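Examining the three-dimensional arrangement
Here are the chains, one letter per residue:
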Amino acid sequence: MTDVIETDVLIVGGGPIGMEVAWRLKGVGVACQQVEAGELGATFGWWAPNTRFFSSPERIAICGVPLVTADQGKCTGEQYRDYLRAVAVQHDLRVRTFERVVSIARLDEGGFEAHTERSEHGVGGVDEIIRTMAAGNAPVYRRYRARRVVLAIGNMHRPRELGVSGESLPHVSHYFEGPHRHFGRRVLIVGGKNSAVEAALRCWRAGAEVTMSYRGSKLDEKRVKYWLRPEIEWLIERGEIAWMPHTRVVRIKPDAAHLASAGDGASKEEEREVPADDVLLLTGYVQDSTLFDQLGLELVTETRRPRLDSETQESSVPGVYVAGTACAGSMTRATVFIENAHVHAERIAAAIAGGGTPEEAPAAPEYGVLEES
Ligand SMILES: Cc1cc2nc3c(=O)[nH]c(=O)nc-3n(C[C@H](O)[C@H](O)[C@H](O)COP(=O)(O)OP(=O)(O)OC[C@H]3O[C@@H](n4cnc5c(N)ncnc54)[C@H](O)[C@@H]3O)c2cc1C
């Protein structure tokens, strides 16, 4: 067993909001250790290559460092990871990467102890599925003791599974890994929100034969980026992309998927076979709440989001704070984004520094803030 590393605050998660928490704490002179299961900003590492944010750069800039793109447009996941490295260097934020917190507990004498494992990648993405399947008993890598803990662990850790037969066949994936592999192939894309629409457009442009299956009747204008909708609607109207609304997948075979059509709800379900070489199930992701459960956090609503003090981000367990998209639980509709989570870091630093916004901490940039629901 390794020596214990003592710190005031342990920050779990090296995404943008975990980094912002570290920066804010540094600003008020609070010692912290930050650990990240994968690389810095690991969540952006599993986005399909060249995927752009829908948020404009100034809204996702962190730690007071401007995010500049060559064309003033929205930045890609790759550009954002480069930017995160620059932020870490600028503020000397020392994130311990490839170290995953696997257990965490309150200590009788006060404070918390966390154990980590060496890890190959961040929590989420295709590799996470492989890890979950192969999970064994890795040795404890480091032990941390902290007076307080901040969980900035994100919330896209595993795919939202459909639970149909054939879901784990090799040509079926919950992740769009880029269009090139689908060239010249029949691709069935399941879902009707941003990820599904973006994948459909990119696959079609890359020479795939695309069919979309969606349980709704039409694309929801609030859930599809305003610049994607006209193009997908135009391609569907021209028959370039086959559109199968009001359908759900009932089973997947090596060369086809069976879709049930519910009709208007009164009529009998009809089943139809759709030939498919590849099936992309882009139906969202869920949070792994293991750390919340280990600490005994009160989780509320069907999303199992932690109950938090809205002024401090402190959970039902004193000394445990939650920041970033981790606060939202397994949401079906995104309510927490980077842009409305900057304030979490401010609140936590203020609470830990003893109330009020500490003078040393720089003011938050004045971006438009979305309402949390
Ligand atoms: C295609 C796509 C487009 C998106 N576009 C936008 C957008 O335009 N704007 C926007 O705001 N958001 C967007 N998002 C969501 C975006 O990814 C999140 O808003 C952002 O990552 C939240 O930052 P975070 O720091 O809260 O969490 P994350 O960036 O998810 O960071 C959490 C980190 O914690 C680590 N972690 C988890 N558990 C552990 C553990 N046990 N031990 C150690 N480390 C752990 C993870 O590896 C991860 O790196 C998009 C998502 C997708 C998939």
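Fair warning: this is a prediction, and the values are worked out from it, not measured in the lab. (Residues numbered from 1 in each chain as written. Predicted model: local features only at pLDDT ≥ 70, side-chain atom pairs only at ≥ 80, totals over all residues. Heavy atoms only, no water.)

**Description of the sheet that holds strand E15 (residues 278–281)**
Spatially, E8-E15-E9-E10-E11 is the arrangement adopted by the 5 strands of the open sheet, whose pairing is parallel. Looking at strand neighbours, the two that pair on one side only are strand E8 (172–173) and strand E11 (242–244), the edges of this open sheet. Relative to E15, E8 runs parallel, the two being bridged by 2 bridges. Looking across to E15, one finds that Ser 173 is bridged to Leu 280. (Pairing = 2+ DSSP bridges. Helix = DSSP H or I, 4+ residues; strand = E, 2+ residues; numbered from the N terminus.)

**Some thoughts on the nonpolar core**
By size, the foremost hydrophobic cluster in this structure holds 40 residues, and its most contacted members are Tyr 80 and Tyr 83. Counting residues per element, the ones that place at least two in this core are strand E1 (4–12), helix H1 (16–27), helix H4 (77–91) and helix H9 (342–353). A total of 6 residues in this core trace back to one element, the largest contributor, which is H1. Sequence-distant contacts of Tyr 80, that is, excluding residues within four places in its chain, are made with Pro 16, Phe 44, Phe 53, Ile 60, Ile 62, Leu 67, Cys 75 and Ile 338. By size, the runner-up hydrophobic cluster in this structure holds 25 residues, among which are Trp 46, Phe 176, Ile 189 and Val 224. (Core = buried A, V, L, I, M, F, W, Y, C linked by side-chain atoms within 4.5 Å. Buried < 20%, exposed > 50% of the residue type's maximum accessible area, 1.4 Å probe, protein only. Contact = heavy atoms within 4.5 Å.)

**Structural notes on the state of the cysteines**
Counted by the stated rule, this structure contains 0 disulfides. The closest cysteine sulfur to the non-disulfide-bonded Cys 63 is located on Cys 32, 11 Å from its own sulfur. (Disulfide = S-S within 2.5 Å.)

**Things to note about the side chain of Thr 116**
Along the polypeptide, Thr 116 turns up in strand E5 (residues 112–118). Polar side-chain contacts of Thr 116 include one of 2.9 Å to the side chain of Glu 99. (Polar contact = N/O pair within 3.5 Å; in protein donor to acceptor, adjacent residues only side chain to side chain.)

**A short note on the site of the ligand**
Residues in close proximity to the ligand total 30 residues, the closest being Glu 36, Thr 43, Phe 54, Ser 55 and Ile 338. Contacts to the ligand include Pro 16, whose backbone N or O atom sits 3.3 Å from an oxygen atom. Val 123 is positioned such that a nitrogen or oxygen atom in its backbone is 2.9 Å from an oxygen atom of the ligand. Relative to its unbound accessible surface of 980 Å², the ligand loses 92% to contact with the protein. Those elements that provide at least two residues to the shell around the ligand are H1, helix H2 (42–45) and strand E4 (99–106). Here the shell around the ligand is built from residues that sort into 18 nonpolar, 9 polar and 3 charged. (Near = heavy atom within 4 Å. Areas by Shrake-Rupley, 256 points an atom, 1.4 Å probe, with all protein chains shown as cover. Nonpolar A, V, L, I, M, F, W, Y, C, P; charged D, E, K, R; others polar.)

**Considering the domain arrangement of the protein chain**
For the protein chain, the assigned domains are domain 1 (4–158 + 285–353) and domain 2 (161–281). Inter-centroid distance (C-alpha atoms) of domain 1 to domain 2 is 32 Å. Tallying the contact residues gives 17 residues for domain 1 and 13 residues for domain 2. When the two sides are added together, the surface that domain 1 and domain 2 hide from each other amounts to roughly 1200 Å², 50% of it contributed by carbon and sulfur. For domain 1, the biggest contributors to the area lost against domain 2 are Val 126, Tyr 285 and Arg 333; these three give 36% of the whole. Applying the counting criterion to the domain 1 and domain 2 interface returns 0 salt bridges. Where domain 1 packs against domain 2, one counts 5 residue pairs in polar contact (both at pLDDT 80 or more). For the side of domain 1 that touches domain 2, the residue count by class is 8 nonpolar, 5 polar and 4 charged. (Domains from an automatic or database assignment. Buried area = accessible area lost by both parts, 1.4 Å probe. Salt bridge = Lys/Arg side-chain N within 4 Å of Asp/Glu carboxyl O.)

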